[in-house]
Amino acid sequence: MRRRVWATGPDDQPVHIDQLDPIKDKGLDCGCKCEDCGKQLIAYLNGSKEPHFGHQRDSTCTSKGEKSVHLMAKQIICEAKQLKIPVTDDFHQIVTFDYVEAEYAVHGKRIDVFATQGRNRYFIEIWCEHKTEDDKIRHLKQYGIRLLEIRIDPKLYDADFETLRRHVLFDPGNREWLEVDQEFKDVEQLDCQGTSLPSPQPISWKWIVGIGVAAIAAPMVCRWLTKPSSIRSYNRQSWLQFL
Ligand SMILES: [Zn+2]
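Residues numbered from 1 in each chain as written. Predicted model: local features only at pLDDT ≥ 70, side-chain atom pairs only at ≥ 80, totals over all residues.

Engineer: What exactly am I supposed to notice about the overall build of the chain here?
Structural biologist: Helices and strands together make up the secondary structure of the chain, namely six helices and 12 strands. In the chain, which comprises 243 residues, the proportion classed as buried is 26%. When contacts within the chain are restricted to residue pairs at least 6 apart in sequence, long-range pairs at least 24 apart make up 53% of them. (Helix = DSSP H or I, 4+ residues; strand = E, 2+ residues; numbered from the N terminus. Buried ≥ 20, exposed ≤ 12 C-beta atoms within 10 Å, placed from the backbone. Contact = placed C-beta atoms within 7 Å.)

Engineer: Help me out: how do you make sense of the nonpolar core in this one?
Structural biologist: As a rule of thumb, soluble globular proteins bury nonpolar side chains together. Counting residues in each nonpolar core, the largest one holds 42 residues, and the members touching the most others are Ala43, Ala73, Ile77, Phe123 and Ile124. Among the secondary structure elements, those contributing two or more residues to this core are strand S1 (6-8), helix H1 (66-80), strand S5 (82-88), strand S8 (109-117), strand S9 (120-127), helix H2 (134-141), strand S10 (147-151) and helix H3 (161-170). Element by element, the count of residues in this core is highest for H1, at six residues. Non-local contacts of phenylalanine 123, meaning those with residues more than four positions away in its chain, are made with Ile111, Phe114, Ile145, Leu147 and Leu148. (Core = buried A, V, L, I, M, F, W, Y, C linked by C-beta atoms within 7 Å.)

Engineer: Help me understand the pairing of S9 in this model?
Structural biologist: Here five bridges tie S8 to S9, and the two strands are oriented antiparallel to one another. By the bridge assignment for S9, glutamine 117 is matched with asparagine 120. As consecutive antiparallel partners, S8 and S9 are separated by two residues, and within that stretch glycine 118 has a phi angle of approximately 60°, a positive value. As judged from the five bridges shared by S9 and S10, these two strands associate in the parallel manner. If you follow tryptophan 127 over to S10, its bridge partner there is arginine 151. Considered for its hand, the β-α-β crossover made up of S9, H2 and S10 is right-handed. (Pairing = 2+ DSSP bridges. Right-handed = clockwise from strand over helix to strand, strands pointing away.)

Engineer: Honestly, H1 in this entry has me stumped. Any pointers?
Structural biologist: Because an α-helix packs 3.6 residues into every turn, residues spaced three or four apart end up facing the same way. An ideal rise of 1.5 Å per residue puts 21 Å on 15 residues; H1 measures up with 21 Å between its terminal C-alpha atoms. Within H1, the full set of buried residues consists of Ser68, Val69, His70, Leu71, Met72, Ala73, Lys74, Ile76 and Ile77. Positive phi appears at lysine 81, one or two residues downstream of H1, with a value of about 55°. (Expected span 1.5 Å × (residues − 1).)

Engineer: When you look at H3 in this model, what are you seeing that I'm missing?
Structural biologist: Every buried residue of H3 is listed here: Leu164, His167 and Val168. All buried residues of H3 lie within an arc of 95° about the axis, which places them on one face of the element. Considering only its buried residues, H3 is in contact with H1 and S10. (Arc of directions from axis to C-beta.)

Engineer: What is the right way to look at the environment of phenylalanine 170 in this model?
Structural biologist: Inspection of the secondary structure puts phenylalanine 170 in helix H3. In this structure phenylalanine 170 comes out as partly exposed when scored by C-beta crowding, with 15 C-beta atoms within 10 Å.

Engineer: I'm lost on the pairing of strand S7 (residues 99-106) in this one. Help?
Structural biologist: Regular strands place their side chains on alternate faces of the sheet. Sheet topology places S7 next to S8; seven bridges connect them, and they run antiparallel. In the strand pairing of S8, alanine 105 is matched with arginine 110. In this structure, the hairpin formed by S7 and S8 is closed by a connection of two residues, where histidine 107 is found at a positive phi of approximately 50°.

Engineer: Honestly, unusual backbone geometry in this entry has me stumped. Any pointers?
Structural biologist: Keep in mind that most residues, glycine aside, have a negative phi and that most peptide bonds are trans. Positive phi values are uncommon outside glycine, yet aspartate 12 reaches one of about 65°. Considering the arrangement of structural elements, one finds aspartate 12 in the loop between S1 and strand S2 (14-16). Overall, aspartate 12 belongs to the exposed group, with 10 C-beta atoms counted inside 10 Å. Despite not being glycine, histidine 107 has its phi angle at roughly 50°, a positive value. By the element assignment, histidine 107 lies in the loop between S7 and S8.

Engineer: Looking at this structure, how should I read the confidence of the model for the chain?
Structural biologist: Keep in mind that low pLDDT regions are not for reading the predicted coordinates in detail. Of all residues in the chain, 77% have pLDDT values of 70 or greater, and the mean over the chain is 84. Below pLDDT 50 for its whole length, residues 182-193 participates in 12 contacts with residues either more than four positions away or in separate chains. (pLDDT = per-residue confidence, 0-100.)

The structure is reproduced here in structure tokens:
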């Protein structure tokens, strides 16, 4: 069993075992708890094994801190405001965001991280315990939204913070644009760098023609209407002479 290095701290934020003081925070004094069962955890900081958290003896909880890793991954992106994004199968680009928000609600779904760079929008999912459901991918596809999924390698659940940080932000091998079928792939190749905001619509040629016709016809109709009604009524056959 891998050692557990993440827990929820007294301030409800994720805490890595390396952040604890070996003297002050050992045992139950760490004030950390399990985000799954809510029970207090013991910080083993000075034993023969590498430092780790553990449940108390009577616990049946099997959590290894996956939820804390998931939460930490979201915080890492929000704080860094940048991410390596796949552009093609073998080319990635580091994008620096100008806006980032965790737990973003869109069209009835909750996205782990929403970010923007200029007109590009990014909807990012973190696969820590569960892969993103196909229903969610299909639902958001209807609105022109595609998801970028970053998978946290379970082997790194017990890694140090900096290793996890690099894995979340810059590992090119653990992220992909989600697709549920070929149709989705075809549609979403519109923009490899995210979902663009709607562009201002250019003026349609129909509008230009319509405005031109109206500009020519309006004075002609006015001139005809301002002629004496007797002329209009008796010379209806030759009304064009007044145009
Ligand atoms: Zn637990």
